[in-house]
Amino acid sequence: QKLAITPDRHVDSVCPYCGVGCQLTFNIKDEKIVAVSGRQGPANKSRLCVKGRYGFDYVANPERLTTPLIRRDDVAKSDSLPFDASNPLTHFREASWEEALDLAAGKLNHVRDTYGPSAMSGFGSAKGSNEEAYLVQKLVRTGFKTNNVDHCTRLCHASSVAALLENIGSGAVTASFSECRNSDAIIVIGSNPTVNHPVAATFIKNAAQKGAKLYVMDPRGQALDRYAEESLNFVPGTDVALLNGLIHVIIDEGLYDSDYVKNQTEGFEDLKARTASSTPEAMSAICGIAPDTIRDVARGYANAKAAMIFWGMGISQHTHGTDNSRCLISLALLTGNVGKPGAGLHPLRGQNNVQGASDAGLIPMFFPDYKPVGDPEIRAKYENLWNAKLDPEKGLTVVEITDAAYNGDIKAMYVMGENPAMSDPDQAHARAALANLDILVVQDIFMTETAAFADVILPASAFPEKNGTFTNTDRRVQMGRQAIDPPGDARQDWWIIQELANRMGLSWSYTHARDIFGEMRMVMPSLTGITWDRLLKEDAVTYPCADENSEGKDVIFGDGFPTASGRGRMTPADVLPPDEMPDAEFPLVMSTGRLLEHWHTGSMTRRATVLDALEPEPEVHVSPSDLQSLQVSAGDLIRVVTRRGEIALAARVDPKLPAGMIFVPFCFNEAPANMLTNPALDPYGKIPELKFSAARLETVVEA
Ligand code: SF4
């Protein structure tokens with residue numbers, strides 16, 4: 001790539017945004033990132049999307065936090081919002097690191113010792129490195145003495161992971177996304193990769209152009225439809241009906257792989273009995289897809305020599321999210337589409353390190369590598385390694401922690417790099433919960449909505465300012481390298497966590513992220529063949545990887561599953577309605593999600609000049625007919641109302657939306673979508689139903 005400016009130096013790293021994990025090079029001049037170029041990484045082959053290429057000047061934004069801050073005595077928590085991110089001194093005063101860390105640790109110790117460990121909680125980040133995730137969960141488990149530790153995977157793929165662990169014994173993908181080059185059929189369901197995983201989408205398009213039959217299943221139309229054999233715009237929330245219809249046809253017409261089912265799986269008879277009445281006609285009445293289309297897609301998928309299934313949060317963010325994923329797993333197992341080239345199950349991970357943060361134990365029920373906290377033998381191993389007595393009970397999940405803070409049962413919270421005041425459902429409730437805490441410590445790079453409620457704010461380093469490893473959606477562990485220094489007195493995240501830990505009575509002495517990675521390798525079999533030095537040399541190694549000289553495996557489970565029986569299980573699912581159905585008062589279905597140009601709560605991308613210029617304002621996406629019924633035009637201000645609250649934002653006409661459905665991006669803090677969302681949880685994955693809330697639109701009369 002020819003650059004307009006000649007850089008002083010180049011640093012190879014990876015992209016900090018989505019789980020695709022594109023490798024890139026930072027081009028640096030005068031200690032500033034002046035351009036980013038794609039590299040020949042295994043996940044991107046030099047390709048980058050708009051965020052990877054243009055999403056980096058946020059690091060030099062003047063609103064960066066550069067010194068520790070302590071809440072002013074004269075600003076009540078209830079007055080935290082609104083705030084001016086460019087002037088935190090309206091709410092806070094500057095402090096030295098010594099004072100801020102002493103105050104934070106002292107108050108955290110006080111809550112733990114006064115109310116007990118169950119009053120403590122911590123959120124890490126799927127944007128942090130593996131080493132940072134490992135340290136956050138270790139601090140909460142050994143310093144806070146509780147398993148109340150979680151992160152935004154709970155809002156993302158928790159239900160997918162619950163179903164995968166239950167049925168194939170592993171929460172990770174069974175094949176990398178680029179494996180679709182060997183597929184004859186590809187299902188993309190509940191996912192809009194062109195927007196959310198843009199470079200992965202290019203591999204899917206390439207496969208379709210080479211002849212793979214692509215089936216896109218999404219209530220909304222999307223850009224991949226152009227490449228699809230069939231696009232199934234089913235009724236929102238009826239995923240199980242559509243998938244049970246496919247399963248029924250495959251069993252009824254004898255299209256399943258009987259040898260594979262007999263030798264590698266269990267649960268077939270139960271699945272057959274429970275889907276016996278799920279005829280295409282019966283399921284069509286629920287999901288709205290024609291019976292013959294259900295038959296055609298079932299035949300196309302089952303008759304493929306190798307087929308992959310990709311899914312996203314349209315599957316997982318439902319109260320029946322685990323059931324949705326169970327159906328996808330059953331489809332793959334019925335047809336033997338696991339463990340061979342071109343076949344597999346691939347939940348597309350959202351954040352750049354959601355896989356790695358979960359692997360590192362940043363979840364309330366598992367130690368690193370998904371070892372249950374309730375198992376005495378496993379716990380003894382960790383107690384020995386960490387020299388600490390550990391809590392045998394599973395901890396609370398993200399939304400449960402927020403509820404407990406609201407009720408006063410959780411009194412202390414440490415938040416590293418997350419923004420629950422924007423990302424949690426039913427935001428008025430979430431913000432009241434944050435205001436109710438005795439002590440909130442926030443470690444971040446900007447004054448987020450969550451930081452506004454903090455007692456102590458610790459200024460951290462942005463992605464290009466630190467070293468660390470990150471695990472992409474393919475199980476690929478990659479090296480992120482420091483390119484520039486943090487601004488002012490901002491510090492490395494691992495250093496901040498260690499300083500807090502040592503002030504809470506622990507005795508840590510890491511000197512570099514490399515030391516932490518070394519400790520992780522002692523307890524995480526997934527990292528057996530992956531050393532820091534190997535990553536420095538090779539940049540990326542996929543696990544499982546038998547030893548330091550072996551290649552990692554892209555496709556896994558060709559020789560059985562890591563379950564008790566060694567077989568994959570097909571768990572049937574019943575058709576259940578979403579938690580909150582539309583009615584006369586709230587007749588529309590509201591879904592939330594991301595935009596191509598913006599990432600999650602927008603704290604980085606809305607400060608990236610090009611990205612913010614491309615998508616500068618909050619808009620609610622509405623079908624042409626619903627807009628016409630409301631008698632408003634594109635660009636007019638309208639109000640979206642649900643049982644939790646209301647926001648006003650401009651209308652955008654979206655012909656790909658069906659009548660009766662609206663879409664609100666959740667990255668705009670001036671019109672926060674999560675003011676509106678339903679906090680009802682999937683019973684297994686504890687993920688909220690962010691993809692389905694009953695809503696109505698109202699016109700806004702401007703004064
Ligand atoms: Fe970054 Fe994802 Fe875009 Fe790649 S596809 S450049 S990882 S945001």
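As annotated in an unreviewed UniProt entry, the chain is Formate dehydrogenase alpha subunit from Puniceispirillum marinum. The UniProt entry for the chain carries this comment under Sequence similarities (unreviewed entry): "In the C-terminal section; belongs to the prokaryotic molybdopterin-containing oxidoreductase family."

Peer 1: Whenever I open this one, the pattern of salt bridges confuses me. Can you help?
Peer 2: Any two side chains of opposite charge can pair, on the condition that their charged atoms come close. Counted by the stated rule, this structure contains 46 salt bridges. Close ionic contact of Lys77 with Asp455 constitutes a salt bridge, the shortest N to O distance being 2.9 Å. Taken together, the residues Lys77 in the loop between β4 (69–71) and β5 (92–94) and Asp455 in the loop between β17 (439–444) and β18 (456–459) connect sequence positions 378 residues apart. The salt bridge involving Arg299 is made with Asp296; its shortest N-O contact spans 3.9 Å. A residue pair is termed a helical-turn pair when its members lie 3 or 4 positions apart in one helix, as Arg299 and Asp296 do in helix α11 (residues 291–302) at 3 residues. Look at Arg299 and you get partly exposed, because its relative accessible area is 32%. Take Asp296: its relative accessible area is 39%, and that puts it in the partly exposed class. Beyond isolated ion pairs, a larger network of salt bridges with shared partners links Asp12, Arg39, Arg481 and Asp539.

Peer 1: Got a minute to help me understand the side chain of Thr146 in this structure?
Peer 2: Its place among the elements puts Thr146 in the loop between α3 (130–144) and β7 (149–150). Residue Thr146 is classed as buried on the basis of its relative accessible area of 2%. If we ignore the near neighbours within four places in the chain, the residues touching Thr146 are Pro117, Met120, Val140, Arg141 and Asp391.

Peer 1: Is there a simple way to think about the packing of aromatic side chains in this case?
Peer 2: The geometry of an aromatic ring pair comes down to the distance between the two centres and the angle between the two planes. All told, the structure shown has 16 aromatic pairs when counted by the stated rule. Look at Trp97 and Trp495: their rings are 5.3 Å apart centre to centre, the planes differ by 90 degrees, and that puts the pair in the edge-to-face class. Remark: Trp495 occurs in helix α19 (residues 493–503) and Trp97 occurs in helix α2 (residues 97–115); sequence separation between them is 398 residues. Centre to centre, the rings of Trp508 and Tyr510 are 5.8 Å apart; their planes meet at 70 degrees, and the pair counts as edge-to-face. Each of the two residues, Trp508 as well as Tyr510, counts as buried. Aromatic rings pair up to connect Tyr17, Phe26, Phe56 and Trp599 into one cluster. Geometry around Phe203 places Arg47 over its ring, the cationic atom sitting 4.4 Å from the centre.

Peer 1: What exactly am I supposed to notice about the pairing of strand β12 (residues 307–311) here?
Peer 2: Moving residue by residue along a regular strand, the side chains alternate between the two faces of the sheet. Taken across its 5 residues, β12 has 5 buried, putting it largely inside the fold. Alternating positions in β12 separate into two faces, Ala307, Ile309 and Trp311 on one and Met308 and Phe310 on the other, with burial throughout. Examined bridge by bridge, strand β8 (residues 185–189) and β12 share 5 bridges and lie parallel to one another. Counted as the bridge partner of Val188 is Phe310 from β12.

Peer 1: Sorry if this is basic, but what is going on with the environment of Leu48 here?
Peer 2: Inspection of the secondary structure puts Leu48 in the loop between β3 (32–38) and α1 (50–54). A relative accessible area of 13% places Leu48 in the buried class. Considering only alpha carbons, one finds Leu48 and Val199, 151 residues apart in sequence, at a separation of 6.4 Å. If we ignore the near neighbours within four places in the chain, the residues touching Leu48 are Cys22, Gln23, Leu24, Val36, Ser37, Gly38, Arg53 and Val199.

Peer 1: It is not clear to me how the site of the ligand should be interpreted in this structure. Could you clarify?
Peer 2: Close to the ligand lie Cys15, Tyr17, Cys18, Val20, Gly21, Cys22, Leu48, Cys49, Lys51, Gly52, Pro198 and Val199. When residues of the shell around the ligand are traced back to their parent elements, those giving at least two are α1 and α6 (198–209). Along the lines of polarity and charge, the residues of the shell around the ligand split into 9 nonpolar, 2 polar and 1 charged.

Peer 1: Could you clarify how one ought to interpret the side chain of His600 in this entry?
Peer 2: As for its placement among the helices and strands, His600 is situated in the loop between β23 (588–593) and α22 (609–614). Of note is the side chain of His600, whose polar atom sits 3.0 Å from the side chain of Gln351. Residues contacting His600, with those up to four places away along its chain left out, are Gln351, Arg594, Phe666 and Cys667.

Peer 1: Whenever I open this one, unusual backbone geometry confuses me. Can you help?
Peer 2: When glycine is set aside, most residues are seen to have a negative phi, and most peptide bonds are trans. Cis geometry is adopted by the peptide bond preceding Pro82, which originates at Leu81 and carries an omega value of 0 degrees. Of the consecutive residues Tyr543 and Pro544, the connecting peptide bond is found in the cis state with omega at 0 degrees. Tracing the backbone through its elements, the reader meets Pro544 in the loop between β21 (540–542) and β22 (568–569). Located in the positive-phi region is Asn387, a residue other than glycine, with phi close to 55 degrees. Mapping Asn387 onto the fold places it in the loop between α15 (376–386) and α16 (398–407). A relative accessible area of 72% means that Asn387 is categorised as exposed. Its identity is not glycine, yet Lys686 carries a phi of approximately 60 degrees, on the positive side.

Peer 1: Please clarify how the sheet that holds strand β1 (residues 9–14) should be interpreted in this entry.
Peer 2: What holds strands together in a sheet is hydrogen bonding between their backbones, with the strands either parallel or antiparallel. Pairing is antiparallel in the open sheet, where 3 strands are placed in the order β1-β2-β3. Every interior strand has two partners, whereas the edge strands, β1 and β3, have only one. Adjacent strand axes in the sheet meet at a mean angle of 30 degrees when their direction is disregarded. Strand direction decides the pairing type here: strand β2 (residues 23–29) and β3, joined by 6 bridges, are antiparallel. Bridge assignment links Leu24 to a residue of β3, and that residue is Gly38.

Peer 1: When you look at the environment of Ser278 in this model, what are you seeing that I'm missing?
Peer 2: Here Ser278 is to be found in the loop between α9 (268–274) and α10 (280–287). Of the residues examined, Ser278 reaches a relative accessible area of 5% and is grouped as buried. Note: C-alpha distance between Ser278 and Arg696 (418 residues apart in sequence) is 32 Å. Discounting residues that sit within four places of it in the chain, Ser278 has contacts with Asn244, Gly245, His248 and Met283.

Peer 1: Please clarify how the sheet that holds strand β27 (residues 661–665) should be interpreted in this entry.
Peer 2: The 6 strands lie next to each other as β23-β27-β24-β26-β25-β30, forming a closed barrel whose pairing is mixed. Taking each pair of neighbouring strands and ignoring which way they run, the sheet shows an average axis angle of 45 degrees. With 5 bridges connecting them, β23 and β27 associate as parallel partners. Note on β27: the bridge partner recorded for Val589 is Met661.

About the thresholds
- Residues numbered from 1 in each chain as written.
- Predicted model: local features only at pLDDT ≥ 70, side-chain atom pairs only at ≥ 80, totals over all residues.
- Heavy atoms only, no water.
- UniProt positions renumbered as here; feature names shortened; annotations may be inferred.
- Salt bridge = Lys/Arg side-chain N within 4 Å of Asp/Glu carboxyl O.
- Helix = DSSP H or I, 4+ residues; strand = E, 2+ residues; numbered from the N terminus.
- Buried < 20%, exposed > 50% of the residue type's maximum accessible area, 1.4 Å probe, protein only.
- Contact = heavy atoms within 4.5 Å.
- Phe/Tyr/Trp six-rings, centres within 6.5 Å; stacked < 30°, edge-to-face > 60°.
- Lys NZ or Arg CZ within 6 Å of the ring centre and 35° of its normal.
- Pairing = 2+ DSSP bridges.
- Near = heavy atom within 4 Å.
- Nonpolar A, V, L, I, M, F, W, Y, C, P; charged D, E, K, R; others polar.
- Polar contact = N/O pair within 3.5 Å; in protein donor to acceptor, adjacent residues only side chain to side chain.
- Axes fitted to C-alpha atoms, helices over the stretch in contact; angles between N-to-C directions.

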